[in-house]
Amino acid sequence: MDDRGSSDWTVIYLLVLAVIAAILMFGVIKPMYARAGAQVGRAP
C-alpha cells in the first residue's frame, strides 16, 4: 500500500466536497435568504 497515493485521493475528495458545498450554498441557501429578505421588506 502506498501512503502517498491515498493522500492524493484524499485531496481530490476534499476538493469535490468543497465544490458540492459551494453549489449547494449558492443554489439553495442564497435563494432562501433572498426570499426571507423580500418578506421582511414587505412587512408593515
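That block above? That's the structure.
## Some words on the overall build of the protein chain
Point 1. When its secondary structure is counted, the protein chain shows one helix and zero strands.
Point 2. Looking at the protein chain as a whole, 0% of its 44 residues are labelled buried.
Point 3. Surface accessibility of the protein chain: about 4,300 Å² in total, with carbon and sulfur atoms responsible for 72%.

## Quick notes on the packing of aromatic side chains
Point 1. Overall, the coordinates contain one aromatic pair when judged by the stated rule.
Point 2. Relative to Y13, the ring of W9 lies with its centre 6.2 Å away and its plane at 35°, an arrangement referred to as tilted. One end of the pair is W9 and the other is Y13, both in helix α1 (residues 3–42) and four residues apart, which spans about a single turn.
Point 3. Looking at W9, the relative accessible area reads 51%, which means it is exposed.

Rules and cut-offs
- Residues numbered from 1 in each chain as written.
- Predicted model: local features only at pLDDT ≥ 70, side-chain atom pairs only at ≥ 80, totals over all residues.
- Heavy atoms only, no water.
- Helix = DSSP H or I, 4+ residues; strand = E, 2+ residues; numbered from the N terminus.
- Buried < 20%, exposed > 50% of the residue type's maximum accessible area, 1.4 Å probe, protein only.
- Areas by Shrake-Rupley, 256 points an atom, 1.4 Å probe, with all protein chains shown as cover.
- Phe/Tyr/Trp six-rings, centres within 6.5 Å; stacked < 30°, edge-to-face > 60°.

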